[in-house]
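# A look at the structure
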Amino acid sequence: MKTIRKISAVSLLCLTLFTVVTMSCSEENEPPTIQEVQNRNHQNAKTQFVNVKGNTFAYRVLGKEDGIPLVLLPGLGGSMDDWDPAVTDGLAKKYKLILFDNKGVASSKGTTPNTVQAMADDAIDFIQALNLSKVNIMGFSMGGFVAQRVVLTNPALVNKVILTGTGPKGAIGLSDLPNIIAGTAGLSPEASFLKFGFTASAQSTAAGKAAYARIQLRTTDRDLILSDAASGSQFTAVLSWAQPDTGALTELKNIKNPVLIVHGENDLPVAVQNAKNMAQSLENSELVIFPDSGHASFFQNHEAFVTKALEFLGK
């Protein structure tokens, strides 16, 4: 049964292709102590590495040690340090969170693939390399494309899915991405972040500036910046996903897992109609639309989002 809600917020991002600070990563993979588990959060979680079919993948673990973990799939240009700590730490209060860089991305080795399906295959390999038999997954924008392919490719591996700021193959408006990016030429990193992720209202802009500041807080062991080759491959994959596909929404009907879809009413690169279309095709889905919110609606409305996501995962 589908539920559609609009939630008012009281209170890169995937399409910003940069990371502000670069530091070295820890190579220590010893099992965490009880105190380390209790204290680890977005700011201090150690960067660990695992071998995935001959390539080293970087990842971090936040929150609890037990239970079904939640694996986060970032958007275009995103690394482990491009998530908003208000979101990750909020979710980690009740769940084990796994942040990671997919093949060739940021601190992970290998060649970044230029198709979403290949990215999904690599994500599945990473999850299995951690000896996890069941996970929840959450994808933001391009990460949402990858999440769809993960659950369609290996549905038994996935428990529940959260899709934020994303759309199906042939997503409405996504093919205009090159023009949207061109419109940010000359903007500062913060201004570009705000243009892509938030609206021009005073409330949304203020929330965006606060989110941007939170993302910069981790100063030790920050992730590496994506290489030009990795960014280029991701961009190719996204533009390929944007091509019209008349069977995309029909294919989504094969997903039987519970899905929470979260979208901003004023999303610039991925129009909100995409979220509505997905909700109609996914029989076990719930749609939340945040008003006066853009692509990073779950950053802007982080308190409401975390509450809803925890409720969804806990059902």
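Data block above holds the structure.
Before going into details, it helps to say that this report is about the structure given with it. Quick caveat, the model's predicted, so the values are computed rather than measured.

### A closer look at the overall build of the chain
Across its full length, the chain holds 12 helices and 9 strands. Looking at the chain as a whole, 56% of its 315 residues are labelled buried. Of the roughly 12,400 Å² of accessible surface on the chain, 53% is carried by carbon and sulfur atoms.

### Structural notes on the packing of aromatic side chains
Overall, the coordinates contain 12 aromatic pairs when judged by the stated rule. With a centroid separation of 5.8 Å and 65° between ring planes, the pair formed by Tyr 59 and Phe 126 is classed as edge-to-face. Linking Tyr 59 in strand S3 (residues 55-63) with Phe 126 in helix H3 (residues 116-129), this pair joins segments that are 67 residues apart in sequence. Grouped by ring-pair contacts, the aromatic residues Trp 83, Phe 140, Phe 298, Phe 299 and Phe 305 constitute a single cluster. Over the ring of Phe 312 we find Lys 160, and its NZ or CZ is 5.3 Å from the ring centre.

### Some details on helix H2 (residues 85-92)
Counting buried residues along H2, 6 of its 8 residues qualify, which places the element largely inside the surrounding structure. Considered for burial, the residues of H2 that qualify are Pro 85, Val 87, Thr 88, Gly 90, Leu 91 and Ala 92. If you check the start of H2, you find a side-chain oxygen 2.9 Å away from the backbone N of Ala 86, and it comes from Asp 84.

What counts and what doesn't
Residues numbered from 1 in each chain as written. Predicted model: local features only at pLDDT ≥ 70, side-chain atom pairs only at ≥ 80, totals over all residues. Heavy atoms only, no water. Helix = DSSP H or I, 4+ residues; strand = E, 2+ residues; numbered from the N terminus. Buried < 20%, exposed > 50% of the residue type's maximum accessible area, 1.4 Å probe, protein only. Areas by Shrake-Rupley, 256 points an atom, 1.4 Å probe, with all protein chains shown as cover. Phe/Tyr/Trp six-rings, centres within 6.5 Å; stacked < 30°, edge-to-face > 60°. Lys NZ or Arg CZ within 6 Å of the ring centre and 35° of its normal. Polar contact = N/O pair within 3.5 Å; in protein donor to acceptor, adjacent residues only side chain to side chain.

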